[in-house]
Amino acid sequence: MDDSMIRIIGGCLQVELAAKRAYEEIASLTADADLVRFWLGMAADEEGHALYWRRLWSAAEQWELPPIFDDPESTRREIERILPEAEELLERFRATRDTGAAFLTAYRLEFLMLHPAFQALFQTLRPVTGEPGPIELYEDHINGFVKMLVRHAGGSAEGRLLAETLSSLWKRNRQLLSLATRDPLTGLFNRRAFSSLSTQLAYLAARNRSPVGVLMIDIDDFKEINDECGHAVGDAVLQGMATIILENLRASDVVARYGGEEFVVFLPETDPGAIAALAEKLRARIEESLPACRRVTVSIGGAVRVLDGNVGIDLPALIRRADENLYRAKQAGKNRAVVDS
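Since the model is a prediction, treat every value here as computed from it, not as a measurement. (Residues numbered from 1 in each chain as written. Predicted model: local features only at pLDDT ≥ 70, side-chain atom pairs only at ≥ 80, totals over all residues. Heavy atoms only, no water.)

**Q** Sorry, what's going on with the overall build of the protein chain here?
**A** When its secondary structure is counted, the protein chain shows 13 helices and 5 strands. Taken over 341 residues, the protein chain has a buried fraction of 50%. For the protein chain, long-range pairs separated by at least 24 residues make up 75% of all intrachain contacts whose partners lie at least 6 apart in sequence. (Helix = DSSP H or I, 4+ residues; strand = E, 2+ residues; numbered from the N terminus. Buried < 20%, exposed > 50% of the residue type's maximum accessible area, 1.4 Å probe, protein only. Contact = heavy atoms within 4.5 Å.)

Written as structure tokens, this is what we have:
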């Protein structure tokens, strides 16, 4: 088995633990009471971050995670390079106990989280840990660090520049992650992100022998809506579709815009009766709730099964089956749902 993901996750864990130890040591060698509380708070944050990586590492050792890096070895080397660089900076602080050296050490450790790949880890591997990724926790952590850095930079242009750089890079990388994983019109996951998230959930379901379902949802005669009502109305219909689907799903379900007017939903731990009821509920809700210059309806295809061990084969087959049922719904007259019983 390719262990590149395990090594990357393990490297992230080691950086978090090294940061925790560094901040505790900086606190022990700092005289300013305000700064002592700050560094101890930073260390406590790192312990919380480490818990996330430990859970992810444990999951990675139990089953193969989907690869999300184009060049995992390069990513791994970038992580491993951080620790010796941070240690050199920490040694400078030990010798001088200079506040600037302490903040420079922390800056190097925190810079790891500015790599777009790690925000991608937070987002696309969230189903493996069974909880949302820690982006919000890291954002609070980095914002707190930036605030304290500015306060203690005084008139230092270098300190202000470091703070501004860290803050702007974090925001920029969050925007890049959103662009890489989200459909800009509806805000739903795009096809690539859906593939990664559903694959992870499928591995978990296969391991637990629990059934999973897929719904393929397509707007009927969407070209006519655009032609007769205008593209602005067509866009509003797509956005309204996304809202209705999200309002009727569980937090554990994954929905994406799969194509132009096609949406896909992955439902872990479901059954034929539940997925058929959901499909009909969505069909009726969309028909009654999306105003345009003409009636808006959808056709839905669904499929449910317990996946066997080969998720790489079984999951695409399940999606194809749902797509075949969508075709049957279209052939039967549209504005209906066809779900395997």
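**Q** Help me understand the sheet that holds strand β2 (residues 254–257), please; the structure alone is not making it clear to me.
**A** Paired through their backbone hydrogen bonds, the strands of a sheet run either parallel or antiparallel. Taken in spatial order, the 5 strands of this open sheet run β2-β3-β1-β4-β5, and their pairing is mixed. Looking at the sheet topology across the chains shown, the edges are occupied by β2 and β5 (337–339). The average undirected angle you get between the axes of adjacent strands in this sheet is 15°. Packed on one face of the sheet, helix α12 (residues 272–289) meets β1 (211–219), β3 (262–268), β4 (298–306) and β5 and runs near 165° to β4. (Pairing = 2+ DSSP bridges. Axes fitted to C-alpha atoms, helices over the stretch in contact; angles between N-to-C directions.)

**Q** Quick question: what am I supposed to make of helix α11 (residues 231–247) here?
**A** Side chains of residues three or four places apart in an α-helix project in the same direction, reflecting 3.6 residues per turn. If you check α11, its first and last C-alpha atoms are 24 Å apart, about what 17 residues at 1.5 Å a residue would give, namely 24 Å. Turning to α11, its buried residues number three or more, namely Gly234, Val237, Leu238, Gly240, Met241, Ala242, Ile244 and Ile245. (Expected span 1.5 Å × (residues − 1).)

**Q** Help me understand the state of the cysteines, please; the structure alone is not making it clear to me.
**A** Here is the idea: a disulfide is a covalent bond, and it sits between the sulfur atoms of two cysteines. In the structure shown here, the tally under the stated rule is 1 disulfide. Across a sulfur-sulfur distance of 1.8 Å, Cys229 and Cys293 are joined as a disulfide pair. Between Cys229 and Cys293, the disulfide has an S-S torsion of -85° and is therefore left-handed. Of this pair, Cys229 sits in helix α10 (residues 222–229) while Cys293 sits in the loop between α12 and β4, and the two are 64 residues apart along the sequence. In this structure Cys229 comes out as buried when scored by relative accessible area, which is 17%. (Disulfide = S-S within 2.5 Å.)

**Q** Even after reading the chapter, I still don't get the side chain of Asn325, so can you show me in this structure?
**A** Along the polypeptide, Asn325 turns up in helix α13 (residues 311–331). A polar contact is formed between the side chain of Asn325 and the backbone oxygen of Gly302, at a distance of 2.7 Å. Of the polar contacts made by the side chain of Asn325, one reaches the side chain of Asp340; its length is 3.0 Å. Sequence-distant contacts of Asn325, that is, excluding residues within four places in its chain, are made with Ile300, Gly301, Gly302, Val338, Val339 and Asp340. (Polar contact = N/O pair within 3.5 Å; in protein donor to acceptor, adjacent residues only side chain to side chain.)

**Q** I keep staring at the nonpolar core and nothing clicks. Help me out?
**A** With 43 residues, the main nonpolar core has Tyr23, Phe38, Trp39, Trp53, Phe103, Leu109 and Phe145 as its most contacted residues. At 12 residues, the largest contribution of residues to this core is made by helix α1 (residues 4–28). The contact partners of Phe145, leaving out residues within four places of it in the chain, are Phe38, Trp39, Met42, Phe103, Ala106, Tyr107, Glu110 and Leu166. With 29 residues, the next largest nonpolar core counts Val255, Leu267, Ala279 and Val298 among its residues. (Core = buried A, V, L, I, M, F, W, Y, C linked by side-chain atoms within 4.5 Å.)

**Q** What am I meant to see in the packing of α1 against helix α3 (residues 72–96) here?
**A** In a packed pair of helices, the relevant descriptors are the angle between the two axes and the axis-to-axis distance. With their axes 9 Å apart at the nearest point, α1 and α3 run at an angle of 10° to one another. On the basis of the axis angle, α1 is roughly parallel to α3. For the pair α1 and α3, the sense of crossing is left-handed. Along the contact surface, α1 presents Ser4, Arg7, Ile8, Gly11, Cys12, Gln14, Val15, Ala18, Ala22, Glu25 and Ile26, while α3 presents Pro72, Glu73, Thr75, Arg76, Ile79, Leu83, Leu90, Phe93 and Arg94. A class-by-class count of the residues in the contact of α1 with α3 yields 11 nonpolar, 4 polar and 5 charged. (Parallel < 35°, antiparallel > 145°, perpendicular 65-115°, else oblique. Left-handed = near helix turned anticlockwise from the far one by under 90°. Nonpolar A, V, L, I, M, F, W, Y, C, P; charged D, E, K, R; others polar.)

**Q** Whenever I open this one, the environment of Asp45 confuses me. Can you help?
**A** Note on placement: Asp45 falls in helix α2 (residues 33–62). Between the alpha carbons of Asp45 and Leu137 there is a distance of 8.3 Å; along the sequence they are 92 residues apart.

**Q** Honestly, the environment of Thr270 in this entry has me stumped. Any pointers?
**A** Note on placement: Thr270 falls in the loop between β3 and α12. Remark: the alpha-carbon pair of Thr270 and Val306, spanning 36 residues in sequence, is separated by 9.7 Å. Discounting chain neighbours no more than four positions away, the residues touching Thr270 are Pro211, Val212, Gly213, Arg250, Ile275 and Val304.

**Q** Explanation requested: the pairing of β1 in the structure shown.
**A** Looking along a regular strand, one sees side chains alternate from face to face of the sheet. Burial runs high along β1: 8 of the 9 residues are buried. In this structure, β1 lies alongside β4, joined through 9 bridges in antiparallel fashion. In the sheet register, Ile219 faces β4, and the bridge partner there is Val298. Across 7 bridges, β1 lies against β3 in antiparallel orientation. If you follow Ile217 over to β3, its bridge partner there is Phe263.

**Q** Help me understand the pattern of salt bridges in this model?
**A** Should the charged atoms of two oppositely charged side chains come close, the side chains can pair. Enumeration according to the criterion identifies 23 salt bridges in this entry. We note a salt bridge from Arg94 to Glu87, for which the minimum N-O separation is 2.9 Å. A relative accessible area of 26% places Arg94 in the partly exposed class. Given a relative accessible area of 39%, Glu87 falls into the partly exposed group. The salt bridge partner of Lys330 is Asp220, with a shortest N-O separation of 2.7 Å. Of this pair, Lys330 sits in helix α13 while Asp220 sits in the loop between β1 and α10, and the two are 110 residues apart along the sequence. A relative accessible area of 3% means that Asp220 is categorised as buried. Taken together, the salt bridges that share partners define one network made up of Arg7, Glu73, Arg76 and Glu80. (Salt bridge = Lys/Arg side-chain N within 4 Å of Asp/Glu carboxyl O.)

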